[in-house]
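Descriptive analysis of the structure
These are the residues of each chain, in order.
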Amino acid sequence: MHNFYYFATGPLAWIAFLVFIGGSIWRFRSLLELARRKDSIVFEYMDTKFALRSIVHWLIPFGSRSMKINPTMTVVTFLFHICLFLTPLFVFGHVILWKENFNISWFTLPNAVADIMTFIVIASCLFFLWRRIKLADVKYLTTPLDFIILFIVAAPFISGFWAYHQFPGFATMTIIHIISGEIMLMAIPFTKLFHMFLFPFTRGYIGSEFGGVRMAKDW
Amino acid sequence: MTSNHSIVFEQDEPSSGQQDLVEINKNVCVEEINAILKEKKDKIATALKVCAHCTLCADSCFLYRSKEQVTEHMPSHKFITSLGVIYKKKGKVTIEELYEMRETLWKRCVLCTRCSCPLGINIPELLAIGRRILRTQGVYHSYSENQPLTEMK
C-alpha cells in the first residue's frame, strides 16, 4: 500500500502533469498547424475586439439569451465550473503539497468553504447525470463517453471529500483520490474536457464573425 | 474508391407533390468527400471535441421551437448526425446515409445562422460544409440547385 502511494504521488504524478501539459500543447499545435495549412481564413476572421466582446458576454452569468431561457442550467453550470477550478487549486491539503515539494504556497480556502465547493461539484455532476438520463433532448445526444467523462470529473471530488473526512477506508480512498485526479488531468487533452482550452478560440472565432461580418451580437 | 447501391429513394416528400429535378447518383466518391473533410478538418475536429452535448443550442433554433421541440431539430444533433458521422466514418458513408442526411441538412435547417452554442461552435458553418459534401455526390434538393430560379423547371 505504501509503495503504491509513493508511486501515485511520485512517478505517476509527473507522468500525469507531463501528459496534461504535453498533450495540450500537442493538440493546440496540431490544430493551429492544420488551420494554417488548409483553412487560413480562420486567422483572417479573428478580431481581438469582437472575440473578447463575445467571450466576456458568455462568461457573465445570464449574459446571453441562451442563459436567460435556461436559468437552472446557467446557475448550476457557473457554480460547477467555478468550484471545479478553484477547489483543487486552493484547498489547504493541495497547497501544503506544493509547499512541501517545491517550497511555494499561496492563499488557501477555509476547510468549510472547500467542503461546500466540493459538495457543489458533486451535486452538479448528479444534476448533469439526471439531465443525461431523464431529459429527452440530452438523452438523445448522450454517448457512453459522456457518462465516463462525468465520472472522471466527479471521482476526484467524491474520493477527496471521503478521504478528508476520514470515512471508513479513507487510506485506500486517498490513493483513489490521487489516481482519479491524475486520470482527469491526463484525460483533458484527449477528451471533450479540452473545451476548457478551446473555448476562448471557438467563442472568439464566432464572436469575430458576428461582430465583424454579420454586424450582430452573438449572445 | 466508390461504393454502388441499387436502392431507390423517393426524391420528394410524398405530401409535396413536386418532382425533384436532381438525378440520383448511386455512387459515393469517398475521395471527393475526403478532399472537403481534409480542408475543413480543423473546424470539424474542433467542434466534435468541444461539443459537450449540453443541448443548450436547442432553444436558439426557430424550427426546434416551432415544431414542438422535436429532438431532430436541435442544431447540435443536426451537425453530429450529418457532418459528424461523415467525418467519423472518414467519408465512407453509403448513399442511403447521405439521403437521410439530406433531410437533416435541408429540411431541418434553413441556414438562418441564428443558432448559438455556449461554447462558440459555428454550427451553421458546419451544416454548410455538410451540404457542400452532399452536393459533390449529387444529393440535394432541386430548390437548392446552383442555377437561376428562372431556369428551374
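Residues numbered from 1 in each chain as written. Chains lettered and ligands numbered in written order. Predicted model: local features only at pLDDT ≥ 70, side-chain atom pairs only at ≥ 80, totals over all residues.

Some points on the overall build of chain A
The helix and strand tally for chain A stands at twelve helices and zero strands. The N-to-C order of helical and strand elements in chain A reads α-α-α-α-α-α-α-α-α-α-α-α. Across its three principal axes, chain A shows a C-alpha extent of roughly 60 × 40 × 35 Å. Within chain A, the proportion of its 219 residues that are buried is 27%. Considering only intrachain contacts with a sequence separation of at least 6, the fraction spanning at least 24 residues in chain A is 64%. (Helix = DSSP H or I, 4+ residues; strand = E, 2+ residues; numbered from the N terminus. Buried ≥ 20, exposed ≤ 12 C-beta atoms within 10 Å, placed from the backbone. Contact = placed C-beta atoms within 7 Å.)

Digging into unusual backbone geometry
Residue and element names in this part refer to chain B. Even without a glycine there, the phi angle at Thr55 is positive, about 70 degrees. Residue class for Thr55 comes out buried when judged on the 25 C-beta atoms lying within 10 Å of it. The residue Thr113 is not glycine, and still its phi comes out positive at about 60 degrees. Note on placement: Thr113 falls in the loop between helix H5 (95-107) and helix H6 (123-136). Among the residues examined, Thr113 registers 17 C-beta atoms within 10 Å and is labelled partly exposed.

Remarks on the confidence of the model for chain B
All names here are of chain B. On average, residues of chain B carry a pLDDT of 80, and 76% of them reach 70 or more. Contacts from residues 3-23, a stretch scored under 50 in pLDDT, to residues over four places away or in other chains number 28 contacts. ipTM for the predicted complex: 0.83, alongside a pTM of 0.84. (pLDDT = per-residue confidence, 0-100.)

What to know about the interface of chain B and chain A
Each partner contributes to the interface: chain B provides 27 residues, whereas chain A provides 28 residues. The set of elements that each furnish at least two residues to the side of chain B that touches chain A consists of helix H1 (30-39), helix H2 (41-50) and helix H4 (75-88) of chain B. Counting residues per element, the side of chain B that touches chain A draws most heavily on H2 of chain B, at six residues. Across the side of chain B that touches chain A, the residue classes break down as nine nonpolar, ten polar and eight charged. (Nonpolar A, V, L, I, M, F, W, Y, C, P; charged D, E, K, R; others polar.)

So, the packing of helix H1 (residues 2-9) of chain A against helix H11 (residues 170-187) of chain A
Two quantities define a packed helix pair, namely the angle between the axes and the distance from one axis to the other. Residue and element names in this part refer to chain A. The interhelical angle for the contact between H1 and H11, taken along N-to-C directions, is 25 degrees, at an axis separation of 10 Å. Classified by the angle their axes make, H1 and H11 are roughly parallel. Seen from above, H1 lies across H11 with left-handed handedness. In this structure, H1 uses Phe4, Tyr5, Ala8 and Thr9 to contact H11, whose residues at the interface are Ile175, Ile178 and Ile179. A per-class count over the contact of H1 with H11 returns six nonpolar, one polar and no charged. (Axes fitted to C-alpha atoms, helices over the stretch in contact; angles between N-to-C directions. Parallel < 35°, antiparallel > 145°, perpendicular 65-115°, else oblique. Left-handed = near helix turned anticlockwise from the far one by under 90°.)

Digging into the nonpolar core
In this structure, Ile123 and Leu126 of chain B are the most contacted members of the largest nonpolar core, which totals 60 residues. Residue contributions to this core peak at six residues, all from H6 of chain B. (Core = buried A, V, L, I, M, F, W, Y, C linked by C-beta atoms within 7 Å.)

As for the packing of H5 of chain B against H6 of chain B
All names here are of chain B. Running from amino to carboxyl end, H5 crosses H6 at an angle of 140 degrees, the nearest separation of the two axes being 10 Å. When the axes of H5 and H6 are compared, the pair comes out oblique. The two elements H5 and H6 cross, and the hand of that crossing is left-handed. On H6, the residues that touch Leu98, Met101, Arg102 and Leu105 of H5 are Leu127, Gly130, Arg131 and Leu134. Classifying every residue of the contact of H5 with H6 by side-chain character gives five nonpolar, one polar and two charged.

Brief notes about helix H10 (residues 144-164) of chain A
All names here are of chain A. For H10, which comprises 21 residues, the first-to-last C-alpha distance of 30 Å matches the rise-based estimate of 30 Å (1.5 Å per residue) to within 8%. Largest kink in H10: about 35 degrees, centred on Ala154, with the proline Pro156 one to four residues after it. Among the residues making up H10, those that are buried are Val153, Ala154, Pro156, Phe157, Ser159, Gly160 and Ala163. Check the buried side of H10 and you find it contacts helix H8 (111-134) and H11. Gln166 sits one or two residues past H10 and shows a positive phi near 50 degrees. (Expected span 1.5 Å × (residues − 1). Bend = angle between axes of the 7 residues up to and from the residue.)

Quick notes on the environment of Ile95 of chain B
Residue and element names in this part refer to chain B. Tracing the sequence through the fold places Ile95 in helix H5. For Ile95, a count of 21 C-beta atoms within 10 Å puts it in the buried group. Sequence separation between Ile95 and Gln137 is 42 residues; the distance between their C-alpha atoms is 8.6 Å.

Topic: H11 of chain A
Residue and element names in this part refer to chain A. Across its 18 residues, H11 extends 25 Å between first and last C-alpha, which sits within 8% of the 26 Å expected from 1.5 Å per residue. Buried within H11 we find Met173, Thr174, His177, Ile178, Ile179, Ser180, Gly181, Glu182, Met184, Leu185 and Ala187. Packing partners of the buried residues in H11 comprise H1, helix H2 (11-38) and H10.

Describing the environment of Arg203 of chain A
For Arg203 of chain A, the position within the fold is in helix H12 (residues 195-214). It is 6.6 Å that separates the C-alpha atoms of Arg203 of chain A and Ser54 of chain A, two residues lying 149 residues apart in sequence. With residues up to four places along the chain from it excluded, the contact list for Arg203 of chain A reads Ser54, Ile55 and Trp58 of chain A together with Leu119 and Gly120 of chain B.

Some details on the environment of Met73 of chain A
Residue and element names in this part refer to chain A. Its place among the elements puts Met73 in helix H6 (residues 71-90). Judged by C-beta crowding, with 18 C-beta atoms within 10 Å, Met73 ranks as partly exposed. Each C-alpha atom, one on Met73 and one on Leu31, is 30 Å from the other, the two residues being 42 residues apart in sequence.

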